[in-house]
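One-letter residues, chain by chain:
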Amino acid sequence: MDEKTLIARRVALELRAGTLVNLGIGLPTLVAAYVPKDMEIFFQSENGIVGMLTLPEEGLEAEDLTDAGGGPVGALPGAATFDSAMSFGLIRGGHLDLTILGGLQVDGAGRLANWMVPGRMVPGMGGAMDLVSGARRVVVAMTHTAKGIPKIVRNCTLPLTSVRPVSLIVTEMGVIEPTADGLVLRERAPGVTVEAIVAATDVDLIIPDQVPEIRLASDCGGETR
Amino acid sequence: MKKTMKVSEAVAGIADGASLMIGGFMGVGTPPRLIDETVRQGKRDLVVIANDTARPGVGIGKLIDAKLVRKVIVSHIGTNPVTQRQMLAGEIEVELVPQGTLIERIRAGGYGLGGVLTQTGLGTIVEEGKQTVDVDGRTFLLEKPLKADVAFIYAKQADHIGNLTYALTARNFNPVMAMAATTVLAEAQSIVPVGVISPDAVMTPAVLVRHLILRERSHG
């Protein structure tokens, strides 16, 4: 299993039936493939839809039905579309249960940086700042390091997306939960030692007595080991 | 003043240096003929307020390609390398605004509000130079309203007097921008007789639309 698949399969376990969820671009979109078949999730795309669905077949595109990247999508029966003010009202008003976002860095207080690298990459924040500030739960899905350089650090050197701490960090090495006391290592990936995670992390982790192996969603959804 | 207008006539009324709100999200919901005509007439030094600058050759990207834009106020430019190149070369000023804050600033402009209070951007570089306001023990950032000289609106249907409906995710910024500009120019995929769009279905009332862009026969 490649590292992105592993991350997506772990993050999928954070989904709850009947909730409103926003998936960021890139790695987070992979999570949709691991939703259990019988679990009803309402996926929001911030360009103005709840009930977005992957297009069932090429050739069925509608030019007025797209995701936040402008790519064609489908819609579930019961989907709803609306303007951008309502879309961000859903996000900022506390109506969005969960957002899953990629990350460039997370600091010891659980604060995310994911929207720019000064002097090199200035794409703009899009909806990321609203999502991290407004969603009820924020899960970061990212690789543990950038080519060996730790992304979980004492202080972010990159501009923050929000000062609000995220709820959970899922990487290919393990699962880390920001708490008032610091970052707690909750789970480790198969074959990865606690020592290896500590070595790849640039801030002290709180290590509980037991750090169980990571749980994963199966290909068709539902938990497996 | 006559409500319906040829696209060339409507765009001719836009001054160089005008501020333009343009509906659309990655080009979806951006009026294609208004954009093409603005490029054809070579309007200069425009200030564009929109979600994004799409991609080169697409939607607002065409205005960027033609170097007609002095400044953009947008939530991201990551999908358009031409905008990024012009920014690094100092040819275009880019003001980046969180997407939810951007739409709320436009809404504030259109609804007569003095601004919006939000926690988005608090403690980040978005806060720089802005006022914060405490309400019941919580701190908010004051974000000021946005208005524009002209709005480019793209509807799914318009009736003959300019009532508008929008399609699916092509709605996005359009109805909010139709409230926030001095002159609203509406282009529609189809134009239908009055009465076809029922009052409950109208998303932008005709009273907001200054000019409805006439369709053109596509022969020749």
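Above: the structure in question.
Draft legend 1. The nonpolar core, seen in detail. Counting 117 residues, the largest nonpolar core has Val140(A), Met21(B), Ala151(B), Ile153(B) and Ala186(B) as the members making the most contacts within it. At eight residues, the largest contribution of residues to this core is made by strand β9 (residues 148-159) of chain B. Apart from residues no more than four positions distant in its own chain, Ile153(B) is found in contact with Gly23(B), Pro31(B), Leu164(B), Asn174(B), Met177(B), Ala178(B), Val184(B), Leu185(B) and Ala186(B).

Draft legend 2. Structural context of the interface of chain B and chain A. In this complex, chain B contributes 34 residues to the contact, which on the side of chain A involves 32 residues. Contributing elements (two or more residues each) for the side of chain B that touches chain A: α5 (99-111) and α6 (174-177) of chain B. Ranked by residue count, the leading element in the side of chain B that touches chain A is α5(B), at five residues. Among the residues forming the side of chain B that touches chain A, the class breakdown is 17 nonpolar, 14 polar and three charged.

Draft legend 3. Just the sheet that holds strand β8 (residues 138-143) of chain B, in detail. Residue and element names in this part refer to chain B. With antiparallel pairing, the three strands of this open sheet are ordered in space as β6-β8-β7. The open sheet is flanked by β6 (116-118) and β7 (132-135), the only strands paired with a single partner. Averaged over all pairs of adjacent strands, the angle between strand axes in this sheet comes to 40 degrees, irrespective of strand direction. Bridging between β7 and β8 involves four bridges; their strand directions are antiparallel. Pairing of threonine 132 across the sheet is with leucine 141, part of β8. Taken strand by strand, α5 contacts β6 and β8, and its axis lies near 160 degrees from that of β6.

Draft legend 4. Geometry of the pairing of strand β2 (residues 19-22) of chain B. Residues and elements named next belong to chain B. The two faces of β2 match: Ser19 and Met21 on one face and Leu20 and Ile22 on the other face are all buried. With three bridges joining them, β2 and strand β3 (residues 46-49) adopt parallel strand pairing. Directly across from methionine 21, in β3, lies its bridge partner isoleucine 49. In the classification by handedness, the crossover that spans β2, the intervening helix α2 (residues 32-41) and the parallel β3 is right-handed. Two strands pair when backbone bridges link them, and β2 and β9 are joined in this way by three bridges, in the parallel orientation. Across the sheet, residue leucine 20 finds its bridge partner in β9, namely valine 150.

Draft legend 5. Highlighting the sheet that holds strand β2 (residues 42-45) of chain A. All names here are of chain A. With mixed pairing, ten strands are arranged side by side in an open sheet as β4-β3-β2-β1-β5-β8-β12-β13-β14-β15. What marks the edges here is a single partner per strand, and that holds for β4 (74-81) and β15 (205-206). In the sheet, strand β5 (residues 98-101) pairs with strand β8 (residues 137-141) via four bridges, with the strands oriented parallel. Its bridge partner being in β8, leucine 98 is matched across the sheet by arginine 137.

Draft legend 6. Main features of the pairing of β5(A). Residues and elements named next belong to chain A. Judged by which residues are buried, β5 turns out to be covered on both faces: Leu98 and Ile100 on one side and Thr99 and Leu101 on the other are all buried. Judged from the three bridges that link them, strand β1 (residues 20-23) and β5 form a sheet pairing that is parallel. By the bridge assignment, leucine 23 is partnered in β5 with isoleucine 100.

Draft legend 7. Layout of the environment of Ala108(B). Residue and element names in this part refer to chain B. With respect to the helices and strands, alanine 108 occurs in helix α5. Expressed as a C-alpha distance, the spacing of alanine 108 and alanine 180, which sit 72 residues apart in the sequence, is 8.2 Å. What alanine 108 contacts, discounting residues up to four positions off in sequence, is Leu113, Gly115, Val116 and Pro145.

Draft legend 8. Broad picture of helix α2 (residues 84-92) of chain A. Most of α2(A) is tucked away: seven of the nine residues are buried. Looking at the buried residues of α2(A), the elements they touch are β1, β2 and α3 (128-134) of chain A together with α5, β6 and α6 of chain B. In the stretch just after α2(A), Gly94(A) is the one whose phi turns positive, near 85 degrees.

Draft legend 9. Main features of unusual backbone geometry. Residues and elements named next belong to chain B. Residues other than glycine seldom take positive phi values, yet aspartate 136 does so here, at roughly 50 degrees. For aspartate 136, the position within the fold is in the loop between β7 and β8. A residue is classified by how many C-beta atoms lie within 10 Å of it, and aspartate 136, with 4 of them, is exposed. Phi is positive for asparagine 172, close to 30 degrees, though the residue is something other than glycine.

Draft legend 10. Examining the environment of Ala158(B) more closely. Here Ala158(B) is to be found in strand β9. A sequence separation of 55 residues divides Ala158(B) from Ile213(B), and the C-alpha atoms of the two residues are 9.8 Å apart.

Conventions adopted
- Residues numbered from 1 in each chain as written.
- Chains lettered and ligands numbered in written order.
- Predicted model: local features only at pLDDT ≥ 70, side-chain atom pairs only at ≥ 80, totals over all residues.
- Core = buried A, V, L, I, M, F, W, Y, C linked by C-beta atoms within 7 Å.
- Buried ≥ 20, exposed ≤ 12 C-beta atoms within 10 Å, placed from the backbone.
- Helix = DSSP H or I, 4+ residues; strand = E, 2+ residues; numbered from the N terminus.
- Contact = placed C-beta atoms within 7 Å.
- Nonpolar A, V, L, I, M, F, W, Y, C, P; charged D, E, K, R; others polar.
- Pairing = 2+ DSSP bridges.
- Axes fitted to C-alpha atoms, helices over the stretch in contact; angles between N-to-C directions.
- Right-handed = clockwise from strand over helix to strand, strands pointing away.

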